[in-house]
Amino acid sequence: MMMRLSMLKSLTIVSLLSIHSYAASSDLEKKLFFYEKQRITANPQVQLKDLKLTFSKKLENNWTGYLYTISLNFKGKNITTNDVLFSNGSEVTSELKKVSGFDYKRMMHPTLGNEYYNKNKLIAGNPNAKNKLVVFSDPLCPNCTSTLPELIDDVKKNSSSLALYYYSFPLEMHPTAKTLAKASILAEQKGIKDVAYKLYTGNFDKFFDPYESKDNQKTLDAFNKVFKTSFTMGEINHPTIEKILADDMKMADKAFVNGTPTLFYNGEIDPTRTGYKRKIK
């Protein structure tokens, strides 16, 4: 994930450099690929195992971002990470920001394919709506608990023009978030209505510290209290539930999601999480 870039930056230092201009983008990509390879292997402690350009994305003012997937061995440890370069055809840099502070790395996500619009992931709106939203979220993330309820309400009020698809992405910084995610999956299977909305308005921080608690049973007890259910650890740890959560997280990895909430609007990343509001009547 991109959050690992700090490790890669510690291996080598990249500044804005001039490169030769090439008429064809493929020639430029070859030059950038060679540049990235040389940059990584400049550190003698790094053994590069594999390097590939995963995707590129056109940005503003003739800049294009290039995301590379890198497999390497560093001090005896096998590491797979991602790195981003930006080029306008004559310069290359690993950092590109606006004066306002906006970091263009936030735009480096691929365009989502139709596989993300799975009817089983629809939590609000009309699947036939022209404008589709996909959100990746953690039920213990403070930004998520403030964003998701409004997002769900907006889509429900504008269901003719909007559809919202939800994928669980519990973060490691919240040790028991997976327990809530799995319990919510089971709740949906049991036919409980408005699971996502209840999940993000449950105020679980009243029951335990989201960052410190590692007591999964206590977290499940809190879920049962909020949802008025009696789920057991055995039920939420069933292989079927585990697979659904694992599949959600695979979809997040495929979209290069590394934080929450992450919102895509009509297939493109929306760092502001407000682009859909233009379609609200």
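Now for a look at the structure at hand. Please read these numbers as outputs of a predicted model, since none were measured by experiment.

Examining helix H4 (residues 177-189)
No. 1: Along its 13 residues, H4 runs 19 Å from first to last C-alpha, staying within 8% of the 18 Å computed at 1.5 Å per residue.
No. 2: The element H4 is largely enclosed, with a buried count of 10 among its 13 residues.
No. 3: When we look at burial in H4, the residues that qualify are Ala 177, Thr 179, Leu 180, Ala 181, Lys 182, Ala 183, Ser 184, Ile 185, Leu 186 and Ala 187.
No. 4: On its buried face, H4 is in contact with strand S8 (162-168), helix H5 (195-200), helix H6 (216-227), helix H7 (233-236) and helix H8 (239-254).

Quick notes on the sheet that holds strand S10 (residues 268-269)
No. 1: Taking strand neighbours across the sheet as the criterion, the five strands line up as S6-S8-S7-S9-S10 in an open arrangement whose pairing is mixed. Looking at strand neighbours, the two that pair on one side only are strand S6 (122-125) and S10, the edges of this open sheet.
No. 2: The sheet contact formed by strand S9 (residues 262-265) and S10 spans two bridges and is antiparallel. Looking at the pairing, Phe 264 lines up with Ile 269 of S10.
No. 3: Across the face of the sheet, helix H3 (residues 142-157) comes into contact with S6, strand S7 (131-137), S8 and S9 while running at roughly 150° to S8.

With respect to the pairing of strand S2 (residues 46-58)
No. 1: Sheet analysis places S2 next to strand S3 (residues 64-74), joined by 11 bridges and oriented antiparallel. When the bridges of S3 are listed, Leu 48 appears paired with Leu 72.
No. 2: Hairpin connection of S2 to S3: five residues between the antiparallel strands, including Asn 61 at a positive phi of 55°.

Notes on the pattern of salt bridges
No. 1: On inspection of all chains with the given rule, the structure shows 12 salt bridges.
No. 2: Taking the shortest distance from any N to any O, the salt bridge between Glu 115 and Lys 254 comes out at 2.8 Å. With Glu 115 in the loop between strand S5 (91-93) and S6 and Lys 254 in helix H8, the pair connects residues that are 139 residues apart, well separated along the chain.
No. 3: Between Asp 154 and Lys 277 there is a salt bridge, and its shortest N-O distance comes to 3.0 Å.

Regarding the side chain of Ser 168
No. 1: Counting through the fold element by element, Ser 168 comes out in strand S8.
No. 2: Here Ser 168 is in contact with Ser 137, Ala 181, Leu 245, Asp 248 and Met 249, once residues within four sequence places are set aside.

Notes on the packing of aromatic side chains
Each aromatic ring pair is described using two quantities: the centre-to-centre distance and the angle formed by the ring planes.
No. 1: Here the structure, examined in full by the defined rule, presents 11 aromatic pairs.
No. 2: An angle of 75° between the planes, with centres 6.0 Å apart, marks the rings of Phe 136 and Phe 264 as edge-to-face. Residue Phe 136 is located in strand S7, and its partner Phe 264 is located in strand S9; the two are separated by 128 residues in the primary sequence.
No. 3: What makes Phe 136 buried here is its relative accessible area of 0%.
No. 4: For Phe 264, a relative accessible area of 1% puts it in the buried group.

What about the environment of Thr 64?
No. 1: Assignment of secondary structure puts Thr 64 in strand S3.
No. 2: If we ignore the near neighbours within four places in the chain, the residues touching Thr 64 are Ser 56, Lys 57, Lys 58, Leu 59, Leu 85, Phe 86 and Ser 87.

Points about the packing of H4 against H8
No. 1: In contact at an axis separation of 10 Å, H4 and H8 are set at 115° when each is read in the N-to-C sense. As judged from the angle between their axes, H4 and H8 are roughly perpendicular. You can see that H4 and H8 cross each other, and the crossing is right-handed. Across the interface between the two elements, Lys 178, Ala 181, Lys 182, Ile 185, Leu 186 and Gln 189 of H4 pack against Thr 240, Ile 241, Glu 242, Ile 244, Leu 245 and Met 249 of H8.
No. 2: Taken together, the residues that form the contact of H4 with H8 break down as seven nonpolar, two polar and three charged.

Topic: the pairing of S7
No. 1: Among the seven residues in S7, seven count as buried, and that is most of the element.
No. 2: Burial along S7 is two-sided: Asn 131, Leu 133, Val 135 and Ser 137 facing one way and Lys 132, Val 134 and Phe 136 facing the other are all buried.
No. 3: Bridging between S7 and S8 involves seven bridges; their strand directions are parallel. Looking across to S8, one finds that Phe 136 is bridged to Tyr 167.
No. 4: Read as a crossover between parallel neighbours, the route from S7 over H3 to S8 is right-handed.

What about the nonpolar core?
No. 1: Grouped together as the largest cluster of nonpolar side chains are 37 residues, with contacts concentrated most on Leu 151, Phe 204 and Phe 223.
No. 2: For this core, the secondary structure elements donating two or more residues are S7, H3, S8, H4, H5, H6, H8 and S9.
No. 3: In terms of residue count, H4 provides more of this core than any other element does, seven residues in total.
No. 4: When residues no more than four places from it in sequence are discounted, the contact partners of Phe 204 are Leu 140, Leu 180, Leu 199, Ala 222, Phe 223, Val 226 and Phe 227.

Structural notes on the packing of H4 against H6
No. 1: Remark: H4 packs on H6, axes separated minimally by 9 Å, with the N-to-C direction vectors making an angle of 40°. By the angle between their directions, the pair H4 and H6 is classed as oblique. Handedness of the crossing formed by H4 with H6: right-handed. Of H6, the residues touching H4 (which contributes Thr 179, Leu 180, Ala 183, Ser 184 and Ala 187) are Asn 216, Thr 219, Leu 220 and Phe 223.

Basis of the calculations
All residue numbers refer to positions counted from 1 along the written sequence of the respective chain. Given that this is a predicted model, residues contribute local features only at a pLDDT of at least 70 and side-chain atom pairs are listed and counted only at 80 or more, while totals for whole chains, interfaces and linings are drawn from all residues. Heavy atoms from the whole structure form the basis of all side-chain values; hydrogens and water molecules are not counted. Under the scheme used here, helices are H or I runs from DSSP no shorter than 4 residues and strands are E runs no shorter than 2 residues, and both carry numbers assigned from the N terminus. Expected helix span is computed as 1.5 Å times (number of residues minus one). Only protein chains enter the accessibility calculation, which uses a 1.4 Å probe; a residue is then buried when its area is under 20% of its type maximum, exposed when over 50%, and partly exposed in between. By the convention used here, residues are in contact when the closest approach between their heavy atoms is within 4.5 Å. One requirement defines pairing of two strands: DSSP has to find at least two bridges between them. Throughout, an axis means a line fitted to C-alpha atoms (over the contacting stretch in the case of helices), and angles, computed between N-to-C directions, take values from 0 to 180 degrees. Every case where a carboxyl oxygen of Asp or Glu lies within 4 Å of a side-chain nitrogen of Lys or Arg is listed as a salt bridge. Two aromatic rings, drawn from Phe, Tyr or Trp (for Trp, its six-membered ring), form a pair once their centres lie within 6.5 Å of each other, and the interplanar angle then sorts them: stacked below 30 degrees, edge-to-face above 60, tilted otherwise. Convention used here: angles under 35 degrees read as roughly parallel, angles over 145 as roughly antiparallel, angles from 65 to 115 as roughly perpendicular, and any remaining angle as oblique. Handedness of a crossing is defined here by the sense of rotation of the near helix relative to the far one, left-handed for an anticlockwise turn of less than a right angle and right-handed for a clockwise turn. Just so you know the grouping, Ala, Val, Leu, Ile, Met, Phe, Trp, Tyr, Cys and Pro go in nonpolar, Asp, Glu, Lys and Arg go in charged, and all remaining residues, Gly too, go in polar. When the strands point away from the viewer, a crossover counts as right-handed if the route from the first strand across the helix to the second turns clockwise. In plain words, nonpolar cores are sets of buried Ala, Val, Leu, Ile, Met, Phe, Trp, Tyr and Cys residues tied together by side-chain atoms within 4.5 Å.

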